[in-house]
Amino acid sequence: MSRYSRIAGTGGYLPKQVVTNDDLAKRVETSDDWIIERTGIRRRHIAAPEETASSMAEIAARQALEAAAMDPGALDLIILATSSPDRVFPSTACLLQQRLGVRSCAAFDVQAACSGFIFALSIADQYISAGNASRVLVVGTEVNSRSVDWDDRSTCILFGDGAGAVVLEASSELGIMSTHIHSDGHYQDLLYLPNPASNGEGSGNDESRTIRMQGSEVFKVAVNTLGRIVDETLEQNGLQKSDVDWLVPHQANIRIITATAKKLQLPMERVVVTVDEQGNTSSASIPLAFDEAVRDGRIKRGQTVLMEAFGGGFAWGSALLRY
Ligand code: ACO
């Protein structure tokens, strides 16, 4: 009998504080019109000083567990994607494990920048389909606001904070059909966050602690790469574009999302868009968008969902699933 990973529950959390484009225009030379036209972003949520990747992850995880009617103690594995961990070590997954009051199940972080959730989902799916785990919590959580240079108008307008989670359960019913992950480290200098604590001689010696990005270069590669991964995903499953009910993309820029939807010949009504209200929440953006569309009833059981992401590395990936 086939063994699939089925999404049993979803959860999400956004910090209370909202920063609008007009708020940013008071600090850097930009405008609401420019930001909306180039990115589609209108506002973003920013974590309070006491909030961290693990505190936000806990709220999203508890919601997902509740939706799955599952006790945290039943989890076999916790995989958490983040580029803004509370500590370099131990992993934020371990901190989340403690917050959930769970002991002994394995918990570890995955770092693949904005594609982190897809990478984490892919690993979780391998564990479940191989029979090595039956109940896995997968989380994406980010406090990007602490890595942003608030005086750099080309990046500070883009990012937001938040956390999203799904609980996967082994099932004989169709769930995740396939995941596809790729990386190419040759692009590392186009988008990165230095770590001054470990930069030694020969590793860049970059003293800055903020996100560095060559936006238009990233944009071009992202659009082409996401087009290719859509084809790869459908081909492997022998599906047509018309078989996809929903696209749940990473939320970096509305123009990248629109280009992928066009490639799929999918009307924008079938694309879950949160970038306008949340900005780019990196690894949290896909589980946040998915949770929103499940909770408001847009995505229904039995529908086919394509998730895709692209980010620093470059690292990119997709997941096709029957919800
Ligand atoms: N307000 C006004 N003008 C601005 C702003 C701003 N906020 N930011 C940049 N500009 C100016 C630039 O200085 C430049 O001016 P110049 O022509 O006088 O030099 C002009 O606007 C055009 O700049 P570009 O960078 O070419 O603008 P572009 O249309 O490419 O938009 C953007 C920039 C929004 C960053 C876009 O390139 C983008 O979204 N890139 C992809 C980002 C992404 O997907 N990242 C991956 C995920 S992130 C992760 O993995 C962590």
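Small disclaimer: the values here were computed from a predicted structure and weren't measured.

**Topic: the sheet that holds strand β6 (residues 135-143)**
Reasoning step 1: Strand order in the open sheet formed by five strands is β1-β7-β6-β4-β5, with mixed pairing between adjacent strands. Edge positions in the open sheet fall to β1 (4-13) and β5 (106-110), since each of these has one partner strand only. This sheet shows a mean twist of 20° between the axes of neighbouring strands, independent of strand direction.
Reasoning step 2: Note that strand β4 (residues 77-81) and β6 share five bridges and pair parallel. Across the sheet, the residue bridging to A81 is G140, located in β6.
Reasoning step 3: With respect to the sheet, helix α10 (residues 285-295) is in contact with β1, β6 and β7 (161-171), its orientation differing from that of β1 by roughly 95°.

**Quick look at the domain arrangement of the chain**
Note on interface size: it is often stated as the accessible area lost on association of the parts.
Reasoning step 1: Per the domain assignment, the segments making up the chain are domain 1 (4-173) and domain 2 (177-322).
Reasoning step 2: One C-alpha centre belongs to domain 1, the other to domain 2; they are set 14 Å apart.
Reasoning step 3: Taken residue by residue, the interface counts 52 residues in domain 1 and 46 residues in domain 2.
Reasoning step 4: Regarding the contact of domain 1 and domain 2, the summed buried area is about 3,700 Å², with carbon and sulfur atoms giving 60% of it.
Reasoning step 5: Ranking the residues of domain 1 by area buried against domain 2 places C114, I118 and F119 at the top, with a combined share of 17%.
Reasoning step 6: On inspection of domain 1 and its partner domain 2, the count reaches two salt bridges.
Reasoning step 7: Between D149 and R212 there is a salt bridge, with its nearest N and O atoms 3.7 Å apart.
Reasoning step 8: Here domain 1 is connected to domain 2 by 22 residue pairs in polar contact (both at pLDDT 80 or more).

**Notes on the environment of G317**
Reasoning step 1: Note that G317 resides in strand β13 (residues 315-322).
Reasoning step 2: Assessed through its relative accessible area of 0%, G317 is described here as buried.
Reasoning step 3: Taking the C-alpha atoms as reference points, G317 and Y187, 130 residues apart in sequence, are found 16 Å from one another.
Reasoning step 4: If sequence neighbours within four positions are ignored, G317 has contacts with S115, I118, H180, I181, I229, M307, E308 and A309.

**Some remarks on the nonpolar core**
Reasoning step 1: Of all hydrophobic cores here, the largest spans 36 residues; its most connected members are L247, L264, L306, F310 and F314.
Reasoning step 2: Only α7 (215-237), α8 (254-263), β12 (304-311) and β13 provide two or more residues apiece to this core.
Reasoning step 3: Here this core takes seven residues from α7, the largest share from any one element.
Reasoning step 4: For this core, the domains that each give at least three residues are domain 1 (4-173) and domain 2 (177-322).
Reasoning step 5: Of all hydrophobic cores here, the second largest spans 35 residues; its members include I7, A81, V166 and I286.

**Looking at the packing of aromatic side chains**
Reasoning step 1: By the definition in use, this model includes four aromatic pairs.
Reasoning step 2: When the centroid spacing of 4.7 Å and the interplanar angle of 15° are considered together, the rings of Y187 and F314 count as stacked. Here Y187 is found in the loop between β8 (176-183) and β9 (191-192), whereas its partner F314 is found in the loop between β12 and β13, with 127 residues between them in sequence.
Reasoning step 3: By relative accessible area, which is 31% here, Y187 ends up partly exposed.
Reasoning step 4: Measuring from centroid to centroid gives 4.7 Å for F310 and F314, while their planes differ by 55°, and the two rings are tilted. Side by side, F310 and F314 carry an identical accessibility label, which is buried.
Reasoning step 5: A network of ring pairs unites the aromatic residues Y187, F310, F314 and W316 as a single cluster.
Reasoning step 6: The ring of W246 carries the charged tip of R270 above its face, separated from the ring centre by 5.3 Å.

**So, the site of the ligand**
Reasoning step 1: Around the ligand, 26 residues are found, and the nearest of them are T30, R38, C114, N253 and G312.
Reasoning step 2: Within the backbone of S216, an N or O atom sits 3.4 Å from an oxygen atom of the ligand.
Reasoning step 3: The side chain of R255 places a nitrogen or oxygen atom 3.4 Å from an oxygen atom of the ligand.
Reasoning step 4: In isolation the ligand has 1,000 Å² of accessible area, and contact with the protein removes 73% of it.
Reasoning step 5: When contributions to the shell around the ligand are tallied by element, the ones reaching two or more residues are α2 (32-39), α6 (153-156), α7, α8 and β12.
Reasoning step 6: No other element matches α7, which puts four residues into the shell around the ligand.
Reasoning step 7: Classifying every residue of the shell around the ligand gives 13 nonpolar, nine polar and four charged.
Reasoning step 8: When residues of the shell around the ligand are assigned to domains, at least three fall in each of domain 1 (4-173) and domain 2 (177-322).

**A closer look at the environment of D231**
Reasoning step 1: Among the secondary structure elements, D231 is positioned in helix α7.
Reasoning step 2: Considering only alpha carbons, one finds D231 and L168, 63 residues apart in sequence, at a separation of 25 Å.
Reasoning step 3: In this structure the side chain of D231 is engaged in a polar contact, spanning 3.0 Å, whose partner is the side chain of K263.

**A few points about the side chain of D161**
Reasoning step 1: Within the secondary structure, D161 sits in strand β7.
Reasoning step 2: A polar side-chain atom of D161 sits 2.8 Å from the main-chain amide nitrogen of A47.
Reasoning step 3: Of note is the side chain of D161, whose polar atom sits 2.7 Å from the backbone nitrogen of N144.
Reasoning step 4: What D161 contacts, discounting residues up to four positions off in sequence, is L14, P15, H45, I46, A47, M56, E142, V143, N144, S145 and T281.

The rules behind the values
- Residues numbered from 1 in each chain as written.
- Predicted model: local features only at pLDDT ≥ 70, side-chain atom pairs only at ≥ 80, totals over all residues.
- Heavy atoms only, no water.
- Pairing = 2+ DSSP bridges.
- Helix = DSSP H or I, 4+ residues; strand = E, 2+ residues; numbered from the N terminus.
- Axes fitted to C-alpha atoms, helices over the stretch in contact; angles between N-to-C directions.
- Contact = heavy atoms within 4.5 Å.
- Domains from an automatic or database assignment.
- Buried area = accessible area lost by both parts, 1.4 Å probe.
- Salt bridge = Lys/Arg side-chain N within 4 Å of Asp/Glu carboxyl O.
- Polar contact = N/O pair within 3.5 Å; in protein donor to acceptor, adjacent residues only side chain to side chain.
- Buried < 20%, exposed > 50% of the residue type's maximum accessible area, 1.4 Å probe, protein only.
- Core = buried A, V, L, I, M, F, W, Y, C linked by side-chain atoms within 4.5 Å.
- Phe/Tyr/Trp six-rings, centres within 6.5 Å; stacked < 30°, edge-to-face > 60°.
- Lys NZ or Arg CZ within 6 Å of the ring centre and 35° of its normal.
- Near = heavy atom within 4 Å.
- Areas by Shrake-Rupley, 256 points an atom, 1.4 Å probe, with all protein chains shown as cover.
- Nonpolar A, V, L, I, M, F, W, Y, C, P; charged D, E, K, R; others polar.

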